[in-house]
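One letter stands for each residue in the lines below.
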Amino acid sequence: DIVMTQTPLSSPVTLGQPASISCRSSQSLVHSDGNTYLSWLQQRPGQPPRLLIYKISNRFSGVPDRFSGSGAGTDFTLKISRVEAEDVGVYYCMQATQSITFGQGTRLEIK
Amino acid sequence: EVQLVESGGGLVQPGGSLRLSCAASGFTFSSYSMHWVRQAPGKGLEYVSAISSNGGSTYYANSVKGRFTISRDNSKNTLYLQMGSLRADDMAVYYCARYDSWGHGTLVTVSS
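Residues numbered from 1 in each chain as written. Chains lettered and ligands numbered in written order. Predicted model: local features only at pLDDT ≥ 70, side-chain atom pairs only at ≥ 80, totals over all residues. Heavy atoms only, no water.

Peer 1: Describe the overall build of chain B, listing the residues and the values that go with them.
Peer 2: A count of helical and extended segments in chain B gives zero helices and 10 strands. Helices (α) and strands (β) of chain B occur, in sequence order from the N terminus, as β-β-β-β-β-β-β-β-β-β. A compact globule built from 112 residues would reach a C-alpha radius of gyration of about 13 Å, and chain B, at 13 Å, matches this within 12%. Along the first, second and third principal axes, the C-alpha set of chain B runs to 40 × 25 × 20 Å. Burial statistics for chain B: of 112 residues in total, 46% are counted as buried. Pairs at least 24 apart in sequence give 51% of the contacts found in chain B among residues at least 6 apart. About 5200 Å² of surface is accessible on chain B, with carbon and sulfur atoms providing 46% of the total. Computed over 9 positive and 7 negative side-chain charges, the separation of the two mean positions in chain B equals 6 Å. (Helix = DSSP H or I, 4+ residues; strand = E, 2+ residues; numbered from the N terminus. Rg over C-alpha atoms; globule rule 2.2 N^0.38 Å. Buried < 20%, exposed > 50% of the residue type's maximum accessible area, 1.4 Å probe, protein only. Contact = heavy atoms within 4.5 Å. Areas by Shrake-Rupley, 256 points an atom, 1.4 Å probe, with all protein chains shown as cover. Lys, Arg positive; Asp, Glu negative; His and termini not counted. Charge placed at Lys NZ, Arg CZ, Asp CG, Glu CD.)

Right, here's the structure in full:
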């Protein structure tokens, strides 16, 4: 199985400041079809996960443009340009190139 | 609007069985692969099982292989997960998911 490793596991951030979460895969996520199936999910407290970003950098419908994704191969990053109170929660990277596996999750909290 | 509503969770004794259902609406259910993902209390997400759009292909995590069976009824827009030989470490919220949408989950508690 592909192992997904996120850093940091906890990220205290000041409101209005940027935040960044990294995700590294144990092998390349480039699929034989040429796509890279790396997504980011947000899970607010008491809520189910919600898709934010798919195929590295594509924002899902309704996701604010302060969220952006980047990366290639085995290294990926989720950035929030200016953290808002509603962004508190746990963020997961997820690969779907070979079956599906998740990162451990990164808890975003407000300082 | 895509809606996925899970049901069937509850308290079951170790070694027991349970059948989860997921009622789908707002999209052409028969066109999509569907998934089950679980989350133990206070833990991260664990992929459990998947089924292709026509039900002809299935996938199981090693942790549930041989004990769980995924199925679907496209005429009823419903996804199922039959769980057997349940163990304490199967206790979790079980989510039904399309690739871009998740249900609110149903809690399975395994305890004597």
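Peer 1: Lay out the state of the cysteines in plain terms, naming residues and giving numbers.
Peer 2: Residue and element names in this part refer to chain B. Throughout the structure, instances matching the rule amount to two disulfides over all chains. Between C22 and C96 runs a disulfide, and the two sulfur atoms are separated by 2.0 Å. On the S-S bond that ties C22 to C96, the torsion sits near -65°, and the link is left-handed. Taken as a pair, C22 in strand 3 (residues 18-25) and C96 in strand 9 (residues 92-97) lie far apart in primary sequence, 74 residues in all. Under the relative-accessibility criterion, C22 is labelled buried at 0%. (Disulfide = S-S within 2.5 Å.)

Peer 1: Kindly report on the sheet that holds strand 5 (residues 45-51) of chain B, identifying the contributing residues and their values.
Peer 2: Residue and element names in this part refer to chain B. Pairing is mixed across the open sheet formed by six strands, whose spatial order is 2-10-9-4-5-6. Strands at the two margins of the open sheet, each flanked by one partner only, are strand 2 (10-12) and strand 6 (58-60). Neighbouring strand axes in the sheet, compared pairwise and without regard to direction, differ in orientation by 25° on average. Alignment of strand 5 against strand 6, held across three bridges, turns out to be antiparallel. What sits directly across from I51, in strand 6, is T58. (Pairing = 2+ DSSP bridges. Axes fitted to C-alpha atoms, helices over the stretch in contact; angles between N-to-C directions.)

Peer 1: Hey, could you go over the interface of chain A and chain B for me, with residue numbers and the actual values?
Peer 2: Counting residues at the interface gives 11 residues for chain A and 15 residues for chain B. For the pair chain A and chain B, the summed buried area comes to about 1200 Å², and 65% of that belongs to carbon and sulfur atoms. Taken together, chain A and chain B are joined by zero salt bridges. Viewed at the interface, chain B and chain A are joined by four residue pairs in polar contact (both at pLDDT 80 or more). (Buried area = accessible area lost by both parts, 1.4 Å probe. Salt bridge = Lys/Arg side-chain N within 4 Å of Asp/Glu carboxyl O. Polar contact = N/O pair within 3.5 Å; in protein donor to acceptor, adjacent residues only side chain to side chain.)

Peer 1: Could you give me a rundown of the sheet that holds strand 3 of chain B, with the residues and numbers involved?
Peer 2: All names here are of chain B. Judged by pairing direction, the sheet is antiparallel, and its four strands sit side by side in the order 1-3-8-7 without closing on themselves. Pairing within the sheet leaves two strands with one partner each, and these edge strands are strand 1 (3-7) and strand 7 (68-73). The average angle at which neighbouring strand axes cross in this sheet is 15°, direction not considered. Summarising the sheet, strand 3 and strand 8 (residues 78-83) pair through six bridges and their orientation is antiparallel. In the strand pairing of strand 8, L18 is matched with M83.

Peer 1: Describe the pairing of strand 3 (residues 19-25) of chain A, listing the residues and the values that go with them.
Peer 2: Residue and element names in this part refer to chain A. Alternating residues of strand 3 divide into A19, I21, C23 and S25, all buried, and S20, S22 and R24, none buried. Both strand 1 (residues 4-7) and strand 3 contribute to a ladder of four bridges, which runs antiparallel. Its bridge partner lying in strand 3, T5 is registered against R24. With six bridges joining them, strand 3 and strand 8 (residues 75-80) adopt antiparallel strand pairing. Bridging across to strand 8, S20 finds its partner in K79.

Peer 1: So what's going on with the nonpolar core? Residues and values would help.
Peer 2: Judged by nonpolar contacts, the single largest core of 25 residues is most densely connected at M34, W36, F68, L79, L81, M83 and Y94 of chain B. For this core, the secondary-structure elements that each account for two or more residues are strand 3, strand 4 (34-39), strand 5, strand 7, strand 8, strand 9 and strand 10 (106-110) of chain B. Take this core: its biggest share by element is four residues, from strand 3 of chain B. Y94 of chain B has contacts with E6, L20, W36, V37, R38, V48, F68, L81, M83, G105, T106 and V108 of chain B, leaving out every residue within four places of it along the chain. Membership of the second largest hydrophobic core comes to 21 residues, among which are I2, M4, V63 and Y91 of chain A. (Core = buried A, V, L, I, M, F, W, Y, C linked by side-chain atoms within 4.5 Å.)

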